[in-house]
Amino acid sequence: MSAPRRAGATPRIDPTRAARLQRDAGIERGRSISKGAAFASVAAVAVAGVYLSQSLPGHSTSSHGTTSGAAGAATPAGSPAPAASSGGGGAASAPSAPAYTPAPAYQAPVVSSGSS
Amino acid sequence: MSRATPVTDQVVRFGAHRTTRWSTRIEVVVTDPAVVVTASRLLDDELDRVEAVASRFRDDSEVSRLSRHAGTGPVDVSPTLVTLLEVALHAAAVTGGAVDPTVGTALCRLGYDRDFAAVSAGVAGVLPPAAPVPGWRSVVLDAEARTVSLPAGTLLDLGATAKAWAADRAAATIAGRLGVGVLVSLGGDLAVESAPDGGFSVGVADICGDPDAPTAVTIVSGGLATSGIGNRHWLLGAIPVHHVVDPASGLPVATPWRTVTVAAASSVDANTASTAALVLGDSAQAWLAERNLPARLVAHDGAVVTVAGWPDDPAPATSGGGRR
């Protein structure tokens, strides 16, 4: 416990006490940060839980960008994105149109026929 | 427009390898003939990987194993199956369920439970009663945990999209590793990467392997797919059936189209659209046009309809075979 300071007197700084105050303030700041981090973690887990619980059957329960296969290579450009997490399929994008319009060709070495 | 004059095979200038697999015609064309063997090997590797995961006809495939555990809760699966299932579920979502990966059991009930080469001569049995397939929404995929849950009795058939995905993937791999232009064709599903100037010329035919394709187009990038009911059909007892199943009935779809060919940004997108068009029937033209997907639809009487900028067929040499 510290003694009352007299008016007009030059404050006398006790180095030991100042260090202690500084230490206590640091500890308090650390506690605040820890509390904030803990709260953020709980909030993130709660949001993730709500998101997962709302995922519908037939949909992926994670949202990826382009997906990768076993070898880790990116899915070829133009391949569709994974299923959206919204219901009804309404939010999913349609098959993508080509970047060009097919033109008549004058030789035909490769044939696309209906076996698929 | 006049009929194209056949020119010396384009593959002479490039390099090509043709083979048969999955009871269909497999082709890879590369712009540098020196790398065609390596390209063919890379394609084989890709097909091996997809077959090990997605074949309905192999007891040791992941799809078969998944079917054996259907109804028992989440089953661990490989990253490749996760990807293939994501692609299949996306196809189902964007087609309103017209392209559904849960038709496997329905196909088996129709006798298509082994490689098509063993089915094409006909199988014993009777047409089963109509019953909707389990439906793509019943598939629970957890991509993060890499697990899949299926309702009891469900067998996945990823054929509609897995083959096209393999074409996209193989084309990207070959172009990326070998630094060449490439076209991969897996039985009607084509993928193009780094095409040469002018693109690849592709004939479009109703019959698989028909050298006298009635029309040909230039493919610059992305994919092209032809789906039809004229190639994979067989007799179930005395009843003619085919492999495109209507998810609503579990029976072969009654469609006004013999074949549908679609150009899209990828082979997967093209296959998704061409298969959906068969199932959608009379509404297919509008559906394709709304999505700006160039397409060629052939009715059972041979009448041709083109959509979204697909070029008209060359005029026939003789009269007949009118357009709708």
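Bear in mind that the values here come from a model prediction, so they are computed numbers and not experimental data.

Enquirer: Can you lay out the overall build of chain B for me, pointing to particular residues and giving the numbers?
Expert: A count of helices and strands for chain B gives 8 helices and 17 strands. Here the C-alpha atoms of chain B give a radius of gyration of 19 Å, agreeing with the 20 Å that 2.2 N^0.38 yields for 324 residues. Looking at chain B as a whole, 53% of its 324 residues qualify as buried. Sequence separation of at least 24 residues holds for 62% of the intrachain contacts in chain B that already meet a minimum separation of 6.

Enquirer: I'd love a proper account of the sheet that holds strand β5 (residues 147-149) of chain B, names of residues and values included.
Expert: Residue and element names in this part refer to chain B. With respect to topology, 3 strands assemble into an open sheet ordered β3-β5-β4, the strand pairing being antiparallel. Two strands in the sheet have a free side with no partner beyond their single neighbour: β3 (75-76) and β4 (140-142). Of the strand pairs in this sheet, β3 and β5 are connected by 2 bridges, and their pairing is antiparallel. Looking across to β5, one finds that V75 is bridged to V148.

Enquirer: Hey, could you go over the sheet that holds strand β17 (residues 304-307) of chain B for me, with residue numbers and the actual values?
Expert: All names here are of chain B. Read from one edge to the other, the open sheet built from 8 strands follows the order β1-β2-β6-β7-β10-β15-β16-β17, with strand pairing classed as antiparallel. At either margin of the open sheet sits one strand with a lone partner, and together these are β1 (15-21) and β17. The mean inter-strand angle of the sheet, taken between neighbouring strand axes irrespective of direction, is 10°. Summarising the sheet, strand β7 (residues 189-193) and strand β10 (residues 222-228) pair through 4 bridges and their orientation is antiparallel. Looking across to β10, one finds that V192 is bridged to G222.

Enquirer: Just give me the short version of the pairing of strand β15 (residues 257-264) of chain B, but keep the residues and values in it.
Expert: Residues and elements named next belong to chain B. For β15, a buried count of 7 out of 8 residues is recorded, marking the element as mostly surrounded by other parts of the structure. The pairing of β10 with β15 spans 6 bridges and is antiparallel. Across the sheet, residue T226 finds its bridge partner in β15, namely T261. Relative to strand β16 (residues 295-299), β15 runs antiparallel, the two being bridged by 5 bridges. Bridge pairing links T261 to R296 in β16.

Basis of the calculations
- Residues numbered from 1 in each chain as written.
- Chains lettered and ligands numbered in written order.
- Predicted model: local features only at pLDDT ≥ 70, side-chain atom pairs only at ≥ 80, totals over all residues.
- Helix = DSSP H or I, 4+ residues; strand = E, 2+ residues; numbered from the N terminus.
- Rg over C-alpha atoms; globule rule 2.2 N^0.38 Å.
- Buried ≥ 20, exposed ≤ 12 C-beta atoms within 10 Å, placed from the backbone.
- Contact = placed C-beta atoms within 7 Å.
- Pairing = 2+ DSSP bridges.
- Axes fitted to C-alpha atoms, helices over the stretch in contact; angles between N-to-C directions.

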